[in-house]
Structures are given as C-alpha cells and as structure tokens.
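This is what each chain is made of:
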Amino acid sequence: MVKRKWTALDITMGSLFVAMMAVGANITSIAPFMVIGGVPITLQTFFAILAGLVLGSRLGAFSMLVYMLLGLAGTPIFAQFKGGAGMLMGPTFGFIISYIAVAYIVGKMVEMKRTLPMYIAAALTGMAFNYIFGTNWMYAAYVLWFDAPEGFTYTMAWGWMVFPLPKDIALSVVAAFLGLRLERSVLANSQFRRERRKSVA
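Counting starts from 1 at the beginning of each chain's written sequence and moves along it residue by residue. Residues qualify for local features only when their pLDDT is at least 70, as the model is predicted, and side-chain atom pairs are given and counted only at 80 or more; totals for whole chains, interfaces and linings, by contrast, use all residues. The basis for the side-chain values is all heavy atoms of the structure; hydrogens and waters are excluded.

## Considering the overall build of the protein
Here's step 1: Every helix listed is a DSSP run of H or I at least four residues long, and every strand listed is a run of E at least two residues long, numbered separately from the N terminus. The helix and strand tally for the protein stands at eight helices and two strands.
Here's step 2: When the helices and strands of the protein are listed from N to C terminus, the series reads α-β-β-α-α-α-α-α-α-α.
Here's step 3: For every residue, the accessible area obtained with a 1.4 Å probe (protein chains only) is divided by the maximum for its type, and the residue is called buried under 20%, exposed over 50%, and partly exposed between those limits. Residues counted as buried form 47% of the 201 residues belonging to the protein.
Here's step 4: Contacts are assigned to residue pairs with any non-hydrogen atoms lying within 4.5 Å of each other. Summarising the internal contacts of the protein: among those between residues at least 6 apart in sequence, 72% fall at separations of at least 24.

## Structural notes on the packing of helix 1 (residues 8–26) against helix 2 (residues 44–55)
Here's step 1: Every axis in this analysis is a line fitted to C-alpha atoms, fitted for helices over the stretch in contact. Angles between the N-to-C directions lie between 0 and 180 degrees. One way to put it is that helix 1 packs onto helix 2 with a least axis distance of 8 Å and a crossing angle of 165°. On the basis of the axis angle, helix 1 is roughly antiparallel to helix 2. Our pair here, helix 1 against helix 2, has a crossing hand that is right-handed. Within the contact between the two elements, helix 1 uses Met-13, Gly-14, Phe-17, Met-20, Met-21, Gly-24 and Ala-25 and helix 2 uses Gln-44, Phe-47, Ala-48, Leu-50, Ala-51, Val-54 and Leu-55.
Here's step 2: For the contact of helix 1 with helix 2, the per-class residue count stands at 11 nonpolar, three polar and no charged. Roughly parallel means an angle under 35 degrees; roughly antiparallel, over 145; roughly perpendicular, 65 to 115; everything else is oblique. Note on convention: near helix rotated counterclockwise from far helix by under a right angle means a left-handed crossing. Clockwise means right-handed. Put simply, Ala, Val, Leu, Ile, Met, Phe, Trp, Tyr, Cys and Pro go in the nonpolar bin, Asp, Glu, Lys and Arg in the charged bin, and everything else, Gly too, in the polar bin.

## Observations regarding the pattern of salt bridges
Between side chains of opposite charge, a pair can form as their charged atoms come close.
Here's step 1: For this document, the term salt bridge refers to a Lys or Arg side-chain nitrogen within 4 Å of an Asp or Glu carboxyl oxygen. Tallied over the entire structure, the rule returns two salt bridges.
Here's step 2: The shortest N-O distance in the salt bridge between Asp-168 and Lys-167 comes to 2.9 Å.
Here's step 3: A relative accessible area of 5% means that Asp-168 is categorised as buried.

## Structural notes on the environment of Val-66
Here's step 1: With respect to the element layout, Val-66 can be found in helix 3 (residues 57–72).
Here's step 2: For Val-66, a relative accessible area of 27% corresponds to the partly exposed category.
Here's step 3: Counting along the chain gives 52 residues from Val-66 to Gly-14, while the straight-line C-alpha distance between them is 9.0 Å.

Rendered as structure tokens:
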C-alpha cells in the first residue's frame, strides 16, 4: 500500500472536524449541571467517531491529534472552554487522548468493509474504547495525583459514566448511519472520496 500525501482538500476536511470537536466539547457549557463527577457531557465522542468514518483512519486520527495539541497549546477548545498544558494532569484528559485512537480504530474498521453493520460495529467499538481508556485514566488520576472525592472507588468512577452512556450509544449509532449516508451520497462522487480511497487501496 502506497500512502499518498494529503491534499489541501484533506486538510480542509480535517480542520472542519477540529472545529466540530471544539463546538461539541462546549455545547453544554451553558448547562453546568450536566457535569457528572467532573466529566462534562459533550458531543466529542460523536464527532471523533464521525471523523474516523468520514475521514478514514489516518486523517481522522490526525485531526483529533491536532485538536488535542491546539488545546494543550492554550486554545480554549476543550470542554468548558478550557485549554493549556495543565489539562495533561486533569482527570478527564484520558478521554481527549482516546479520541485519536477512536478515530483511527473506527476508520480502520470501515476501510475493511463499508456496510451498515460494520459502520455500527465500528462506531460502538470506538465508543467502548473511549469509555474504557477515559474512565481508567480518570480513576488513576483521582487515585494518584488529583484530589479524589470522599469515598471515591473504581465502581464510583464507572457509576459516573452511566449517565452519559445511553446518549453516547445512541449518538454512535446515529454517527454510523450518518457516516454511511455521507459515504454513499454527499461524498459519493467527490474528489475527497476518490482521493481517500487511493490512500487505502
């Protein structure tokens, strides 16, 4: 397999997903009650999955990496308009790191087979990875270097994730349908799709 160089169109599409991640991270910032155990309820997982479905594994993962680096550089694009290197020590930073792998895993799966069942399986697999990596990072952060709530346990960490889980399952399935729809209609005859297919052929 010969990996092609990314074009200006690729970079534009990747930048679009960086912007959507920033919006998705802060869409609930006006509702502070939607922060459970320090974990904001956002649309980042949805857009990370969609990035993998639409952009493919390499470009999808790269766009999520750019999102993370911009945030660490100080751009206020993380949840609750946060940013800066200090986020590295935060209990929720594991979720941000996981978005890179989520996009890559999802993209790799659908590059093998572009059917609705595969899109759904890829989206749910990406969501599961996000939860497993992010929640374990959060638990480790609270235990090792962050001030943990009184009586904090591993079970409590996962208990906090019960609230956003139905939302993320539903949005993962929506992302699968939307991603396949884009693949078969909007992107069907586009230069972006033809070039992207060359990169995985």
